[in-house]
Every structure is written in C-alpha cells, then in structure tokens.
Amino acid sequence: MIRIKLLYTVLICLSAWPAIALNAQEDINHDVIFRAMHDELERNMKELVYKDYDKPFFISYTVADMYELHINASLGAIISAADTKHKTWSARVMVGDYKLNDENYSANVALPEQDIPEYDFPMDSDYQGIRRALWVITNNIYKKAATGYDNKIKTLERNNLSPDDLEIDDFWKVPVITTIVENPIQIPDIKILEEFVKNLSVDFNSFAEIVESNVTLDGIFATVYFMNSEGIQIKIPLQISNLSINAGIYSTSGEVINQSINYLSDFPENFPAGSALHEDLLLLVKNLSDTKNAEHFNENYSGPVLVEGQSGLELVFNQLFNVTNTLMAYREPLVNGNQQSMYYGEKLNLFETKLNKRVITDNLSIITYPDKTTGDPTIGKFRVDAEGVIPADSLILIENGVLKSLLNGRTPTRMINESNGYNRFSIFNGYISKNLAPGILSILSNELKSLDELKKMLLQKAKEEALDYAIIIRPLKKSENQFPVNIYKADLKSGKETLIQSAFIKSIPENVLRKSVFSSNRQMSYNLMLNGNQTSVQAGNSVNYFTGGVPVTVTGPDAFLFNEIEIGHTLKPLSGRLPIVGNPVGEQKNP
C-alpha cells in the first residue's frame, strides 16, 4: 500500500509560492516596432510591383516579442531548464480587391514556386533589422499572391465569367481601430521557478511504487503587435503557463500506467497554493495505486454513459469544435477544374448548410463571450481578435438546438459573410498564428437534474437496453484544471461502482449531441487549449504535454448523461514485465 507522507520542508517552500515576484518585462519601445512595421508597410503598398502583375491592395504584419521557459524536474533534481527570447512573425499580402483577390482559389495548374522562408527577426527592437526582415518576407509572399491572382483572373476570362458572377466575396471590410493594451507582460524569475518545480518533484521520493515521475512547467509570455494597410493597429499581451505533475506505476502485468495533472493559467502565480499542489500530488499517487489494483476491463461496452466534471465539458466541447461538422466557418475554395470549368469545392462542414435548423438536442444552447465573470480563473477572455475585429458582448451559436451562427474571421463563407471577431491569436510551438476559436464558451441546458437523479436515469437506461452494468466516467477531482479520468462499472441493482483499468473511450457517435442529453444542475468552469489536435476524453494512460494553442474557458453543467458511447479496452500482455529488482526510490533514506 502506498505510504502518504507529509513533507513539511517541501510544504514550507511551496507555501511561499505567492511570494514569487514577477518582475515587469523591460520596457520595450513599441514605437520602434510599430514605426518599422508602418514604414515598411507603406513603402511596399506604394512601390511593390512584379513584372506586369497588379500591386497589392492589402498587407498586414504581426510581430510578437516572445519569452518562453521550460523546466523539468524529477525526484528533486532538475532534468532540463531553458528560457529563450525571440521574435516571431506572420504576414498577409493580397492582390486584387475585397470582392476578388488571390485567396480562396485552387488552381489546377502549375504556378511558379516561391519560397517563403522562416526569416529570423532581430531579438531586440531594432528598427533596421525589423524592416529588412519584413522586406524579404513581403517580397516573397507578394510574388506568390500576384501570380495566383493573375491565374485566377485569366481562368475567369476563359470561362466568360466576371467577378459579379461569383457567389462569395473574398474579403470583408471592417472598421478601423487602434487598440493598445498597456498591461505589460510579466517575466517570472526562472531561478525561483526552478526551485519551485524541483521541490514539488521531491514528494515522489517517498513512494517506492512510483516508477516514473516528473514535474514540468512551461510558460509563454508574448507581446503581440499587429498592423495592416487599412490603418488597424493592435498591441496586446498574450501569455499562458502550464504546470504538469506526471507519474507512472507498474500494473500487475508489468505495464506502466501513466497519469498527470495539468494546471493552466495566465501567470505562474495563479497556480494553486503550494499546499494544495502537494495534496493533489498525493491524490494522484493514491489514484495510481487504486488503478493498479482495479479490475481489468476486457470487453466492449456500448450504451448510456454518465460523464462527470471537466470530462463532460471537454466531451461536449470536442463534439462542437474538434469534429468535421464544427461551429467554425470554413470557406469552400473556388476550383479550376480539369476541363477548364470553375466551381466551388465541396463544403466539408455541413453545419454551415444548416443555419436556423436543429443540429443538436433541443435542450442545449451554446453561447460564446469574449469576456465574462465566472468566479473561476478564465484563460479564454480577450478584447480584440487577430484581425483587428472587436467581438460583440456575446454570440449565440446554438439556441435550443438550433444553429444560429458559426465563428468566422474576415474571409466570407456562403452563409457567414462577415467576421464576428473570433479569429484569435494562437501560440503553437513558439510561433504566433491565428485560428478560429471561442473565448469563454457557455453550455446551457434546460434539462437539469441532480447528480443522484442522473445516476438513477443511467441505471434505468442500461436496464432497458438489457446491459449487465452501466458506465460512469469521472475525473479524479472536479476542477477548472485537468485531472486524470477514471472509469467505473455501476451495478444496475445496487448502484455500487467498481473502478476498472485498461478502459478507454473507443468511439463517440457523430450524432451523440442530437439525442437527448441530460445535465447536472451544478455549474463549473474548465480551462483548455484548442490547437486542432485535441483528443477526446481518455482514461488510463493520460500523460499530456503542453503544445500551446488558443486558450479557451468552458463553463456549464458538471455532469452529462449521454445515450450512447462505446468503451473499449487495451490488450493485456500474457507475460509479466515487472522488473527483477525493486525500485530503490522510497525504500531507503538518502545517504
């Protein structure tokens, strides 16, 4: 049995966490960056021309001052630690006009290849260095845009079509704004954070059953500058921090069961207090021991499932934003066919064809906000999107099951022809880009039940389907952060729950939200990163790594009852893989 021991020296250190000082970043002269962006943008708008091609009608630049840190420790020793400072960029150059330009077009002909290199910017705010980098980037992007637009125009002419014959404009005009958010980003002291991570990882020294463990802290702190040829100018801070506590234990068959806890916040100082982190770590260790000794699940289950905590919010979120038919609008491209015909490509997102029609159960509504007080830490709030559009106070996406709108940027689609301000800045692998994403997403239900009522309904549904048991999915702890997910078998007569191991969500029907979904009458919030590669809720081996994305906060019921989810199992090896000699950690005192 795992020994739970309080390490008072570590607790003292961790309890000092709020005292970690975050020093304001050295004041960057944003006038230098904006002046370099403005001067190069204005010069290119006036002088950029290639052969007899058209000049650009639109240019935008995004430059971000990035500070990143990564710290990993195990058993009280630093494994790796690094902090880097650099600038990252993105640029957009369009030829044509708002109605018809080089974008949104797929040509079935070979166009000249133009390299668009990952050009390095000066780390410091150097006027000449920034201008030279923007000059090279703009030149290369423009050549590709100019030749693409020329091909598009000639294809229209061959098909006796004019721009007025096309059904969708290529770009949407927006009001000109200037938004300068003056709060400077805060750069934490990496040495203090190293001690914090190292001391938290010491806790695992007391547990001989834990065969793998580490504590990792990742932070991205950026000041983002955006400017375009329309006169829009933005400067905003963008920062996210992730603390991960990971541990592994041998199962009875010798496999390693890995689980992790992930805390997402804007600043490291907003992580839970040291004593709370320590208690969560002990909870993780006990859960691993319980999972190791749990019943091995060796069958498939398909039927009603009760999903609790942040697991339920994440499952609903994924069904709305990480599937083919999503609440994000995507432009179908104008295609130049093999026989010189032009047509709009297939629209893969069928949601866009169903505006004002029911797309999910009529007892759910989905609303997104750029900012909203929820009472919990909200990493998803923002003021302006990555294209300089200020969103309305709220946007109804689905009302009582009926689709009302989709998230969109400045590229019109057939049904959503204007931006609603949700093309947001994204941080991924150290680069700034933009992706459609909600801010604070609210899931509302008019079928609210107590948790006890939901469990009774679950058992009744399983009986009606002549199942032997029902399934409950529950995170180790209900929180705005991510905790390991456990899966339980619930006896249909007594309701007794049995923890099972080696079980995972095998599949979720595409129409799972179209059927009646019953929800808890208690509310909670959950923070996550939307990066396009997010997987569905899992159980068992659940170590997660911070890769970035768009910060989002989801609020809604703390439990959902779904009609049908398929639960599968991992194969159990026939031969044991346990080590010959026991783990030295935790069995003897340090010399």
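Refer to the structure presented above.
Keep in mind that this is a model prediction, so the values were computed, not measured. (Residues numbered from 1 in each chain as written. Predicted model: local features only at pLDDT ≥ 70, side-chain atom pairs only at ≥ 80, totals over all residues. Heavy atoms only, no water.)

What follows is about the packing of aromatic side chains. Evaluation of the coordinates by the stated rule reveals twelve aromatic pairs. Taken together, a centroid distance of 5.0 Å and an interplanar angle of 65 degrees make the contact between Phe 58 and Phe 171 edge-to-face. In this pair, Phe 58 is assigned in strand β2 (residues 56-74) and Phe 171 in the loop between α3 (127-158) and β5 (178-180), connecting sequence segments 113 residues apart. For the pair Phe 58 and Phe 171, one class covers both residues: buried. Taken together, the ring pairs in this structure connect Phe 57, Phe 58, Tyr 98 and Phe 171 into an aromatic cluster. The ring centre of Tyr 127 lies 4.4 Å from the NZ or CZ of Arg 35, which sits over that ring. (Phe/Tyr/Trp six-rings, centres within 6.5 Å; stacked < 30°, edge-to-face > 60°. Helix = DSSP H or I, 4+ residues; strand = E, 2+ residues; numbered from the N terminus. Buried < 20%, exposed > 50% of the residue type's maximum accessible area, 1.4 Å probe, protein only. Lys NZ or Arg CZ within 6 Å of the ring centre and 35° of its normal.)

Their axes nearest at 9 Å, the elements helix α2 (residues 30-47) and α3 cross at an angle of 35 degrees. Here α2 runs over α3; the crossing is right-handed. On α3, the residues touching Val 32, Ile 33, Arg 35, Ala 36, Met 37, Asp 39, Glu 40, Arg 43 and Asn 44 of α2 are Tyr 127, Ile 130, Arg 131, Leu 134, Trp 135 and Thr 138. Taken together, the residues of the contact of α2 with α3 sort by class into eight nonpolar, two polar and five charged. (Axes fitted to C-alpha atoms, helices over the stretch in contact; angles between N-to-C directions. Left-handed = near helix turned anticlockwise from the far one by under 90°. Contact = heavy atoms within 4.5 Å. Nonpolar A, V, L, I, M, F, W, Y, C, P; charged D, E, K, R; others polar.)

Compared with the 26 Å implied by 1.5 Å per residue over 18 residues, the 26 Å span of α2 between its first and last C-alpha is a close match. All of the buried residues in α2 are Val 32, Ile 33, Phe 34, Ala 36, Met 37, Glu 40, Leu 41 and Asn 44. Those residues of α2 that are buried lie in contact with β2, β3 (77-95), α3, β5, β7 (210-228) and β8 (233-250). (Expected span 1.5 Å × (residues − 1).)

The next subject is unusual backbone geometry. The phi torsion at Asn 104 lies on the positive side, around 60 degrees, for a residue other than glycine. With respect to the helices and strands, the residue Asn 104 is situated in the loop between β3 and β4 (105-106). Of note in the backbone geometry, Asn 356 takes a positive phi value of approximately 65 degrees without being a glycine. Turning to its location among the elements, Asn 356 is positioned in the loop between β13 (342-344) and β14 (364-369).

What follows deals with the pattern of salt bridges. Taken as a whole and assessed by the stated rule, the structure comprises 25 salt bridges. One salt bridge in this structure joins Arg 414 and Glu 167, with 2.3 Å as the shortest N-O distance. Within this pair, whereas Arg 414 is found in the loop between β16 (402-403) and β17 (423-428), its partner Glu 167 is found in the loop between α3 and β5, the two being separated by 247 residues in sequence. Two residues, Glu 308 and Lys 478, come together in a salt bridge whose shortest N-O distance is 3.8 Å. With Glu 308 in strand β11 (residues 301-308) and Lys 478 in the loop between β21 (469-475) and β22 (485-491), this pair connects stretches of sequence that are 170 residues apart. Relative accessible area serves as the criterion here: at 3%, Glu 308 is assigned to the buried category. One salt-bridge network, held together by shared partners, links Glu 308, Lys 455, Arg 474, Lys 478, Glu 497 and Asp 558. (Salt bridge = Lys/Arg side-chain N within 4 Å of Asp/Glu carboxyl O.)

Such coordinate-based values are descriptive only and should not be taken to indicate function.
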